[in-house]
Amino acid sequence: MDRRHFLALGSAAGLAAVAHRGPALEAAMAAYHAKRPRRHPHLDRALLRPPPEVSAANLTLRAAARRVEIAPGVPVEVWSPGDGPVGPTIRARTGDTATITLENALAEPTILHWHGLRVPEAADGHPRLAIAPGSTYRYTFPVIDRAGTYWYHAHPHHRTGVQAYRGMTGLLLVNDAAEEALGLPDGAHEVPLLIQDRRLAADGTFAYEPAMHEQMEGFFGDAAFANGIRLPTMPVETTTYRLRVVNATTSRVLRLALSNGHVMTLIGNDGGLLPAAETVTSVDLGTGERADLLVDFAHLPVGSRVTLVSAPFASPARMGGMGMGMGGMGRGMGRGAGGMGAGGMGAGGVPQGGAMDLVEFTIDRAVTPRGWSPRPLPTLVLPDPERATRTRMFHFNSAMMQHDINGRAFDMERIDETVRFGDTEVWTFVNDSPFPHPVHMHEVQFQVIERVGGRARVMPWERGLKDTVLVYPGERVSVAATFDRYRGRFLMHCHNMVHEDMGMMMNYAIV
Ligand SMILES: [Cu+2]
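Below or above, wherever it landed, is the structure these notes cover.

1. Regarding the sheet that holds strand 5 (residues 97-104)
Here comes step 1: The sheet built from four strands is open, its strands ordered 3-2-5-7 with mixed pairing. The two strands at the open ends of the sheet, each matched to only one other strand, are strand 3 (74-80) and strand 7 (136-142). Neighbour to neighbour, the strand axes of the sheet diverge by 30 degrees on average, direction disregarded.
Here comes step 2: Direction of pairing for strand 2 (residues 59-71) relative to strand 5: parallel, over a ladder of five bridges. Residue pairing in the sheet places Arg62 in a bridge with Glu103 of strand 5.

Here it is, written out as C-alpha cells:
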C-alpha cells in the first residue's frame, strides 16, 4: 500500500485505512507473506468468473458428473448442479415463488438444501428426502426472507462433505426494495465469491478421503477455489466493489483480509444487511457463514495487485487426548506446497489457520471512483431473548472418532427436541471438544446474544441475523430464535461437513 499517497490525499477513507491498521494485523500480514503459498508452476491463475445467474422461477438443476476446467488446461471431474464447476447463482426477490426441479443424474442419492432460507419442511432438503439416481425432486416455496447472501448445497446424510466438495453447491442471492434503495455496487462491481478449498490429486481428480486425523479435525485443501475456479484473478477498476463471500469449505475457518492490510466495510452477513456498517480489517467465517463486504480499490496504482486472503491465525484446535489437535500426525506435508503431487491419503492440506490466497485482484483501469458511504441500513427486527419461553443447552463433543450433540449421533427418524410454533427460545451451544464447530440451524435466522469463554464477546460480524455461528473450543454461545414460519422437522448441526457427515446433527420439530 502507498501509505504516503493516502495521507497526502487526506481522504477520510485513506485516514481510516491507516488508523485501522493495528500492529496485530501488520504482524499477521508479515507472517502471511513469509508463508505465502507458492504458485504451482503448472497452474496459471485463471480469470475469476461469476457463475451464470438464473431465476428461481421454473428452474431446473441437473446434478451430474461433468468435466470442467478449474484452471487453464486443467479439466477435472466435478459433480455440479449446472454446466460450470459449481451451480449457477440463483437470483430471487423477496415475495417471489421459487419453483425448482432437481434432477439427479449422479450415481448416488442427493438432495439440495437452501441454506439460510425459511422454507416449508418439504422444501428444506432434509437428508431423508434424498432422491435416488435418475429421480427428480420438485421444490416450491415462497421467498419470504429479506435481501441477503444465501447459498445452497447437497445435504444427503454421510455424503454432504464429498458432494459439496465436488461442486454440488452455489449461491442464492435475494434482493428486495430496501436493499436496492441503498445503491450498492452492482453489475460487474458486485462479485459473488463461493469459497472452497480442495486438493487436486495427481490423477486430476479432487481428492476427498479424510484420513483418521482428518475425520476428527476436518478435511483441508491445499488451494482455494472461488466459484469453482482455482486461485482466480480478477481485473478491477479503481472504485468500490461489493464482495459477497460464502464460506463453502469443508472444514476451514477463513480469516478474510486484504493482503495490503486495508480496511473493508462489512455491510451484511448470513441474514442480510447489518443494523449498521462496520469497518473491519478482518472477518472470521466458519463453514456456512457469509460476509457482504465493500472493498475500495480507489487510489491504488494501475498494475498493482491486492489479494483477498485467509490471513494466518493460531488454530483454535486444542491438543486432543489422542494427539489429534494442532501438530498431530500427518501434518505439515501439505503446508504451502499447493502441489498436484501432494494429493492422496494423509498428505494433508494447508492446516486450519494457515495462510491462503483466495482471490487476486489486479488494478486494471483507473476510473472516477464511485464511492459508497455508510448510510442507514434497513431496520432490522431481531428475535428478542426477553421473550424467550425456554432455554436449551447443546453440548458438542468430538472424541474417539465420533462427533455428537448431547452425547447422541444423528438418527434420521429420531426427534431430539420439540419446539412450540410461534415461540422464541434461547439455545446455548457449548463446545466441549478440541475443534471449532460452526453451528447451523435450519428454518430460523437467530440473534447471537452472548459468548462466554474463549473470545468472550459477540464479534462485529455476528450482529444482525444469522443462521450459523462459530463456536470455538471452550466457548458457550447463546442465540435467540423465533420459530414462527413453518411447522415440521428441521435440522440443527455442525457445518464442518466432516463432523455433520459423522453424525454431529439432530432433528428438531416445530409443532
Ligand atoms: Cu463440528
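2. Examining the coordination of the copper ion
Here comes step 1: In this structure, His437 (ND1), Cys494 (SG) and His499 (ND1) serve as the protein donors to the copper ion, at separations of 2.0 to 2.1 Å.
Here comes step 2: The sequence motif formed by the donor residues of the copper ion is H-x56-C-x4-H. Remark: His499 occurs in helix 7 (residues 497-501) and His437 occurs in strand 26 (residues 437-441); sequence separation between them is 62 residues. Just as His437 is buried, His499 falls in that class too.

3. Some words on the pairing of strand 3
Here comes step 1: With five of its seven residues buried, strand 3 lies for the most part within the structure.
Here comes step 2: As defined by bridge partners, strand 2 adjoins strand 3 across seven bridges and the pair is classed as antiparallel. Across the sheet, residue Ala65 finds its bridge partner in strand 3, namely Trp79.

4. As for unusual backbone geometry
Here comes step 1: In this structure, Leu231 is a non-glycine residue whose phi angle is positive, near 40 degrees.
Here comes step 2: Here the phi dihedral of His299 falls at roughly 70 degrees; this positive angle occurs in a residue that is not glycine.

5. So, the pattern of salt bridges
A side chain with one charge can pair with a side chain of the opposite charge if their charged atoms come near.
Here comes step 1: One pass over the structure, following the stated rule, counts 31 salt bridges.
Here comes step 2: Glu108 is the salt-bridge partner of Arg159, the closest N and O atoms lying 2.8 Å from each other. A residue pair is termed long-range when its members are at least 10 positions apart, and Arg159 in the loop between strand 8 (148-154) and helix 4 (160-166) and Glu108 in the loop between strand 5 and strand 6 (112-115) qualify at 51 residues.
Here comes step 3: Since its relative accessible area comes to 33%, Arg159 is described here as partly exposed.
Here comes step 4: Across the salt bridge formed by Glu425 and Arg392, the nearest N and O atoms sit 2.6 Å from each other. Of this pair, Glu425 sits in strand 25 (residues 424-431) while Arg392 sits in strand 22 (residues 390-399), and the two are 33 residues apart along the sequence. The same class applies to Glu425 and to Arg392, which are both buried.
Here comes step 5: A single network of salt bridges, built from pairs that share partners, joins Glu53, Arg91, Glu179, Glu190, Arg242, Arg244 and Asp292.

6. Description of the pairing of strand 31 (residues 505-510)
Here comes step 1: Most of strand 31 sits inside the fold, with six of its six residues counted as buried.
Here comes step 2: Residues Met505, Asn507 and Ala509 of strand 31 are buried on one face, and the alternating residues Met506, Tyr508 and Ile510, pointing to the opposite face, are buried as well.
Here comes step 3: Two elements, strand 24 (residues 415-419) and strand 31, share four bridges in a ladder whose sense is parallel. When the sheet's bridge partners are listed, Val419 is paired in strand 31 with Ile510.

7. Some points on the nonpolar core
Here comes step 1: Within the largest apolar cluster, 35 residues are counted, with the highest numbers of intra-cluster contacts made by Leu193, Leu243, Leu256 and Leu293.
Here comes step 2: Top contributing element to this core by residue count: strand 21 (residues 356-365), with five residues.
Here comes step 3: Among the nonpolar cores identified, the runner-up in size contains 29 residues, and Leu59, Ala63, Leu117 and Val174 belong to it.

8. Description of the environment of Ile363
Here comes step 1: Relative to the assigned elements, Ile363 resides in strand 21.
Here comes step 2: Placed 124 residues apart in sequence, Ile363 and Thr239 show a C-alpha to C-alpha distance of 9.7 Å.
Here comes step 3: Aside from chain neighbours lying at most four places away, what touches Ile363 is Val236, Thr238, Phe297, Leu300, Pro301, Val302, Gly303 and Ser304.

9. A look at the environment of Ala130
Here comes step 1: Looking at where Ala130 falls in the secondary structure, it is placed in the loop between strand 6 and strand 7.
Here comes step 2: The class for Ala130 is partly exposed, based on a relative accessible area of 28%.
Here comes step 3: Dropping the residues within four chain positions of it, Ala130 is found in contact with Pro109, Thr110, Ile111 and Pro156.

10. Observations concerning the sheet that holds strand 12 (residues 229-230)
Here comes step 1: The seven strands are arranged 12-11-10-14-19-16-17 in an open sheet whose pairing can be described as mixed. Sheet topology places strand 12 and strand 17 (272-280) at the edges, where each strand pairs with a single neighbour.

11. Some remarks on the side chain of Glu417
Here comes step 1: In this fold, Glu417 is placed in strand 24.
Here comes step 2: By relative accessible area, which is 15% here, Glu417 ends up buried.
Here comes step 3: In terms of polar contacts, Glu417 uses its side chain to reach the side chain of Arg392, at 2.9 Å.
Here comes step 4: Discounting residues that sit within four places of it in the chain, Glu417 has contacts with Arg392, Phe394, Met506, Asn507, Tyr508 and Ala509.

Cut-offs used in this document
- Residues numbered from 1 in each chain as written.
- Predicted model: local features only at pLDDT ≥ 70, side-chain atom pairs only at ≥ 80, totals over all residues.
- Heavy atoms only, no water.
- Pairing = 2+ DSSP bridges.
- Helix = DSSP H or I, 4+ residues; strand = E, 2+ residues; numbered from the N terminus.
- Axes fitted to C-alpha atoms, helices over the stretch in contact; angles between N-to-C directions.
- Donors = N, O, S within 2.8 Å, 3.2 Å for Na, K, Ca; no water.
- Buried < 20%, exposed > 50% of the residue type's maximum accessible area, 1.4 Å probe, protein only.
- Salt bridge = Lys/Arg side-chain N within 4 Å of Asp/Glu carboxyl O.
- Core = buried A, V, L, I, M, F, W, Y, C linked by side-chain atoms within 4.5 Å.
- Contact = heavy atoms within 4.5 Å.
- Polar contact = N/O pair within 3.5 Å; in protein donor to acceptor, adjacent residues only side chain to side chain.

Keep in mind these values describe shape, not function.
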